[in-house]
Amino acid sequence: DDKGAAAPAAPAAADKPDTENFAPFTSPKVEALFQKIIWLDMIEVHLLAELINEKLGVTISDAERERMASGGGGGGGSKGGDDEAVEEVKEEKTAFDLKLTGFEPKSKIKVIKEVRAMTSLGLKEAKELVEGAPTTVKKNIKMEEAEELKAKLVALGATVEIV
């Protein structure tokens, strides 16, 4: 019994990996394709998934990627709504801008220091950015990062929008 072997590095004694735990396929084409895919390493599987998504025009938001990576299945809705879910993902905004709209005069130096740390700008550039409010501090960032940075700036006395 070779039950202890998790995944063979190359086809050895058996011609195909253990697929007994998978549901049987009804299509011979799908089964043949699956038998080829099962031998790909994780990087190749990832590249294949990206290629399929690109060719089919499917976009996956960063939030969806994180949910999938953490193993969360998301909503427990019906399986019939797959087309609707794809449409929602396409319309969902995935990149946000962090916009500094103002700041308390007494906290100007703290805000400049924080903006400098967030953006890797020099002191002069960060000062000009803050004094030029309303202005965009960071562009095309994830919502989680935008909320985190907004919280830091608000705690220092700045007013910030996520757009």
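Refer to the structure above for everything that follows.
Quantities reported herein were computed from a predicted structural model and do not represent experimental measurements.

### Observations concerning the sheet that holds strand S3 (residues 158–162)
Pairing is antiparallel in the open sheet, where three strands are placed in the order S2-S1-S3. Bordering the open sheet on either side are strand S2 (135–141) and S3, each of which pairs with just one other strand. Within this sheet the neighbouring strands show an average axis-to-axis angle of 20°, counted without direction. The sheet strands contacting helix H5 (residues 108–119) are strand S1 (96–103), S2 and S3, and the helix crosses S2 at an angle near 30°. Each of S1, S2 and S3 is contacted by helix H7 (residues 143–155), which is oriented at about 165° to S3, the strand it contacts most.

### A look at the environment of Ala158
Mapped onto the elements, Ala158 comes out in strand S3. Taking the C-alpha atoms as reference points, Ala158 and Leu100, 58 residues apart in sequence, are found 7.2 Å from one another. In contact with Ala158, other than residues within four places in its own chain, are Leu100, Gly102, Phe103, Val111 and Leu153.

### Points about the side chain of Lys138
With respect to the helices and strands, Lys138 occurs in strand S2. Only 3.3 Å separates the side chain of Lys138 from the side chain of Glu145, close enough to count as a polar contact. If near-sequence neighbours (up to four positions away) are discounted, Lys138 is found in contact with Phe96, Asp97, Leu98, Met118, Thr119, Glu145 and Leu149.

### A word on the nonpolar core
Buried together is how nonpolar side chains tend to be arranged in soluble globular proteins. Formed by 16 residues in total, the largest nonpolar core has its most connected members in Leu98, Leu100, Val111, Val115 and Leu153. Among the secondary structure elements, those contributing two or more residues to this core are S1, H5, helix H6 (123–131), S2, H7 and S3. Ranked by residue count, the leading element in this core is H5, at four residues.

Rules used throughout
Residues numbered from 1 in each chain as written. Predicted model: local features only at pLDDT ≥ 70, side-chain atom pairs only at ≥ 80, totals over all residues. Heavy atoms only, no water. Pairing = 2+ DSSP bridges. Helix = DSSP H or I, 4+ residues; strand = E, 2+ residues; numbered from the N terminus. Axes fitted to C-alpha atoms, helices over the stretch in contact; angles between N-to-C directions. Contact = heavy atoms within 4.5 Å. Polar contact = N/O pair within 3.5 Å; in protein donor to acceptor, adjacent residues only side chain to side chain. Core = buried A, V, L, I, M, F, W, Y, C linked by side-chain atoms within 4.5 Å. Buried < 20%, exposed > 50% of the residue type's maximum accessible area, 1.4 Å probe, protein only.

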